[in-house]
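Each chain, letter by letter, is given below.
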Amino acid sequence: MARERVITPGGGSPEGGGSNESDRQRDAALRPKLLREVIGQKKVANRLQIAVNAAKKLKEPLGHILFDGPPGLGKTTFATVLPNELGSSIQMTSGPALSKPADMLPFLTNLEYGSILFIDEIHRMPRVVEEFIYPAMEDFRIDIVLGEGVNARTINMKLKPFTLIGATTRSGMLSGPMRDRFKMQEHLDYYTIDELAQIVSINAKKLALPMAPEAAVELAQRSRGTPRVANSRLYWVRSYHAGHPAIADGPVTLDISRQALDMQEVDRDGLDKQDRRYLETLIDVFGGGPTGVEAIAATMNIASDTLTDEIEPYLLREQFIVRSPRGRIATPRAFELLGKSQPKPNGGSLFD
Ligand SMILES: Nc1ncnc2c1ncn2[C@@H]1O[C@H](COP(=O)(O)OP(=O)(O)OP(=O)(O)O)[C@@H](O)[C@H]1O
């Protein structure tokens, strides 16, 4: 298995968008170790398998890879599976932890032939660091400037050929030159109920939690198409089950799964309190929109990045909201969910 080294300049933690440290530790325990254990994302997994086979056969490092997609869909999972497949090591950091070129040095000097450097939230890396690693990505060398002004000298340092894996929830924020340096660019999409139910069943087994297949499907249906959400709901169902002596000895049934999720205020569409608060704000405060995301964020007292990266992608996909040039608009489905009637400006619908 791969050796994993997490080095964070400045002592920070390599946090990615959309998850806190305890989520990350729990995720790590449930993460698939090999490509064949990865559920769903079949086209991506097949392409990666070919790239891994080729790298092994040609005895070359894997080309640089960029993963993009909403949080919790498996970008880190794919990045950590690859060194296991290749028998190489991985170092992990994140864009916000790399504020200056010197922050890259511990990683670059620790590289081994064919090892992986994983940068989560790569879109948040400052431009100066981005430009510093271009030659590292292209020619496996870096230019270090020593001294200042007229005394400045540039030293050229050779690096061991390696693979950079970047993960981003916002590929649009990456510069063109950075994006172009990745040989493979893979987009991860939401999972089907079936795929998520498989992940739930496998992870329930890893946690030694007996669970009826219908209970796993119920949990999958309420997990916003996202494995990380499914994992966190699974941990809650496990606590609910263990916390009720009357049921703790039997398996988790459909009923138990429903009761646990109802208690956590996760509805049948998988929306939680935060999602409903978003829709309530948009409908009650802004009349269903159109309104800008900054205004919604300020009213909810929440960072607008959290809305755009974590809450909105699923609401958009499930058509509870739409985006227009003038801002976000609640759809009839959102009004229906909250039991509100839709205003008809000028006698017409918002969508006229
Ligand atoms: N394809 C998959 N098959 C099985 N389990 C998966 C898969 N993708 C993700 N998971 C599960 O979901 C958890 C979260 O996934 P992961 O941390 O890779 O998401 P991420 O996209 O990197 O999120 P972020 O960008 O927020 O860091 C993993 O620990 C794993 O348990």
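Residues numbered from 1 in each chain as written. Predicted model: local features only at pLDDT ≥ 70, side-chain atom pairs only at ≥ 80, totals over all residues.

Going by what an unreviewed UniProt entry lists, the protein is known as Holliday junction branch migration complex subunit RuvB and is assigned to Limnoglobus roseus. In the Sequence similarities (unreviewed entry) part of its UniProt record, the protein is described as follows: "Belongs to the RuvB family." The record in UniProt for the protein states the following under Subcellular location (unreviewed entry): "Cytoplasm". (UniProt positions renumbered as here; feature names shortened; annotations may be inferred.)

Asker: Explain the overall build of the protein here, please?
Answerer: Secondary structure summary: the protein contains 14 helices and ten strands in total. In terms of overall dimensions, the protein has a C-alpha envelope of 70 × 55 × 35 Å along the principal axes. Counting over 352 residues, the protein shows a buried share of 38%. In the protein, once contacts between residues fewer than 6 apart in sequence are set aside, the share between residues at least 24 apart is 70%. (Helix = DSSP H or I, 4+ residues; strand = E, 2+ residues; numbered from the N terminus. Buried ≥ 20, exposed ≤ 12 C-beta atoms within 10 Å, placed from the backbone. Contact = placed C-beta atoms within 7 Å.)

Asker: Looking at this structure, I do not really get the UniProt feature "binding site: Mg(2+)" (unreviewed entry) in the protein. What am I missing?
Answerer: Feature annotation in UniProt assigns "binding site: Mg(2+)" (unreviewed entry) to the following positions: Thr76. As for its placement among the helices and strands, Thr76 is situated in helix α3 (residues 75–86). According to the C-beta neighbour criterion, Thr76 is buried, with 24 such atoms within 10 Å.

Asker: I tried to follow the UniProt feature "binding site: ATP" (unreviewed entry) in the protein on my own but got confused; where do I start?
Answerer: Cross-referencing UniProt, the feature "binding site: ATP" (unreviewed entry) maps to Leu30, Arg31, Gly72, Lys75, Thr76, Thr77, Glu138, Asp139, Phe140, Arg181, Tyr191 and Arg228 in the present numbering. Separation in sequence by 199 residues is matched in space for these annotated residues, since their most distant C-alpha atoms are 37.0 Å apart. With respect to the secondary-structure elements, Gly72 resides in the loop between β2 (65–68) and α3. When the 28 C-beta atoms within 10 Å are taken as the criterion, Gly72 is described as buried. Inspection of the secondary structure puts Tyr191 in the loop between β8 (184–187) and α7 (193–206). Taking the number of C-beta atoms within 10 Å as the measure of exposure, Tyr191 has 23 and is therefore buried. Beyond its immediate sequence surroundings of up to four residues, Tyr191 is in contact with Gly40, Leu196, Gly225 and Pro227.

Asker: Please explain the environment of Ile133 as it appears in this structure.
Answerer: Within the element layout of this structure, Ile133 appears in helix α5 (residues 127–139). For the pair Ile133 and Tyr190, spaced 57 residues apart in sequence, the C-alpha separation works out to 31 Å.

Asker: I would appreciate a short explanation of the pairing of strand β5 (residues 141–146) in the present structure.
Answerer: Note that β5 and strand β6 (residues 153–158) share six bridges and pair antiparallel. Looking across to β6, one finds that Arg141 is bridged to Lys158. The antiparallel pairing of β5 with β6 creates a hairpin that spans six residues between the two strands, and Gly147 there sits at a positive phi of about 75°. (Pairing = 2+ DSSP bridges.)

Asker: I would appreciate a short explanation of α7 in the present structure.
Answerer: In an α-helix, one turn spans 3.6 residues; hence positions three or four apart end up facing the same way. Taking 1.5 Å of rise per residue, the 14 residues of α7 would be expected to cover 20 Å, and the 20 Å separating its terminal C-alpha atoms lies within 8% of that figure. Among the residues making up α7, those that are buried are Leu196, Ala197, Ile199, Val200, Ser201, Asn203 and Ala204. Just downstream of α7 lies Ala208, where phi reads positive at about 55°. (Expected span 1.5 Å × (residues − 1).)

Asker: Help me out: how do you make sense of the domain arrangement of the protein in this one?
Answerer: The parts lose accessible area when they come together, and the size of an interface is often stated as this lost area. When the domains of the protein are assigned, the result is domain 1 (4–187), domain 2 (193–263) and domain 3 (273–347). Taking only C-alpha atoms into account, the centre of domain 2 sits 29 Å from that of domain 3. (Domains from an automatic or database assignment.)

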